[in-house]
Amino acid sequence: MKLTVYCWSWFGILLMFLILRSQASVVDDFSQVQRCKDFLYLGTPPRGYLSTSLKKICQRYVDQPRFITFYDPKKHIPMYSAYIFKKSDGEKRVDVPWMFEPQLATEKGSSNMEPFPQSTFMHKNFEDTQAVLEDYADVVQYERGQLNPDEHQADPLDKAATYTLTNVVPLIREFSFGPWSTQVEVIRKRLNNYCHGKAHVITGVTTSGNMIRRENLDRVAIPEFMWTAYCCTDYDHNAPYSERYKFPAFGAYGLNDRVNNHIVEVPIKYLEKFLKGKMEVDKNFQIFYNDCVSDL
């Protein structure tokens, strides 16, 4: 009898360990974590990234996964965020504090994103692995650009979860408020009107070495290009041709600058070809599994 109780107690401890591990925000493999892989088309992340230092974050808010992020703890920016688009009115939340990711700083950190402590001294506990509010404090030429934009979510908690600095990159103001915000709205309307099923979106960046500096240190990488792509296999086949040919998948990119920053919309294959020349990826780089072409 004692042996049975002993075995069951150890089984309970192991089970609890596995449950806690599955909830951890920083994971080994997106495709192996239930609920996290749901944000990816067929549960498959983009392939071909060569860096081994990038961190996979299952972005959790109020104990629920909201989206995923491939994060560079050295450049202190996300390389991409992947999310499920939700039909929305495009309104932004204005009552959400900026948050950080505790588990990038320590494995014992909370599995949920948390608001930044009011004491800026506390920020030094995790600024080695991620951006902090001070990095954006004195750079008026840049805006905090969300890779998973608030406007592409509908549920208040899903919208709130987009306000983590691990989902943010510095965008030139003229680009952020101009071509890029226009593209976010174009995609919102297109998917609202013509995507009948689930729309998977991945938005990312390329970098060229430029950094925001603070206290004479390189702190946050400044994107050279922003790019985005969506995949929706269940769409309106009676949509106007000007929109219909952009399904089931399409992409776009734009230069993060004050000038020559127009958005270029392209098929997925063309976007991948462009990005291969701008990022550290191999020849098999692919954004969506089978380029979002259904096997059926």
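If you're wondering where the values come from, they're calculated on a predicted model, not measured in any experiment.

Rules used in this analysis
Residues numbered from 1 in each chain as written. Predicted model: local features only at pLDDT ≥ 70, side-chain atom pairs only at ≥ 80, totals over all residues. Heavy atoms only, no water. Helix = DSSP H or I, 4+ residues; strand = E, 2+ residues; numbered from the N terminus. Polar contact = N/O pair within 3.5 Å; in protein donor to acceptor, adjacent residues only side chain to side chain. Contact = heavy atoms within 4.5 Å. Buried < 20%, exposed > 50% of the residue type's maximum accessible area, 1.4 Å probe, protein only. Phe/Tyr/Trp six-rings, centres within 6.5 Å; stacked < 30°, edge-to-face > 60°.

**Student:** Mind laying out the side chain of T166, listing which residues take part and the relevant values?
**Tutor:** Relative to the assigned elements, T166 resides in the loop between α3 (156–161) and β9 (168–172). Side chain to side chain, T166 and Q59 meet in a polar contact 3.0 Å long. One polar contact links T166 to T164, side chain to side chain, over a distance of 2.8 Å. Beyond its immediate sequence surroundings of up to four residues, T166 is in contact with I57, Q59, T69, Y71, P78, E101, L104 and Q130.

**Student:** I'd like to hear about the environment of M226, residue by residue, with values.
**Tutor:** Within the secondary structure layout, M226 lies in strand β11 (residues 217–231). Look past the residues within four positions of M226 in its chain and what remains in contact with it is L147, V169, L171, F175, W180, T203, G204, V205, A252, Y253 and G254.

**Student:** Any details on the side chain of D135? Residues and values, ideally.
**Tutor:** Take D135: it is sitting in the loop between β7 (114–115) and β8 (142–146). Classification of D135 by relative accessible area gives buried; the value is 2%. Engagement of the side chain of D135 in a polar contact is seen with the backbone nitrogen of V132, the distance being 2.9 Å. A distance of 2.8 Å separates polar atoms of two side chains, one belonging to D135 and the other to R219. Not counting residues within four places of it along the chain, the set of residues in contact with D135 comprises I212, R214, R219 and V220.

**Student:** Describe in detail the packing of aromatic side chains, supporting the description with residues and values.
**Tutor:** Two aromatic rings, taken as a pair, are described by how far apart their centres are and by the angle between their planes. Applying the stated criterion across every chain, the model contains 16 aromatic pairs. Centroid distance W98 to Y163: 5.2 Å. Interplanar angle 65°. Geometry classified as edge-to-face. Within this pair, whereas W98 is found in the loop between β5 (77–85) and β6 (99–100), its partner Y163 is found in the loop between α3 and β9, the two being separated by 65 residues in sequence. Classification of Y163 as buried rests on a relative accessible area of 7%. Through a chain of ring-to-ring contacts, three or more aromatic side chains come together here, namely Y49, F70, Y80 and F285.

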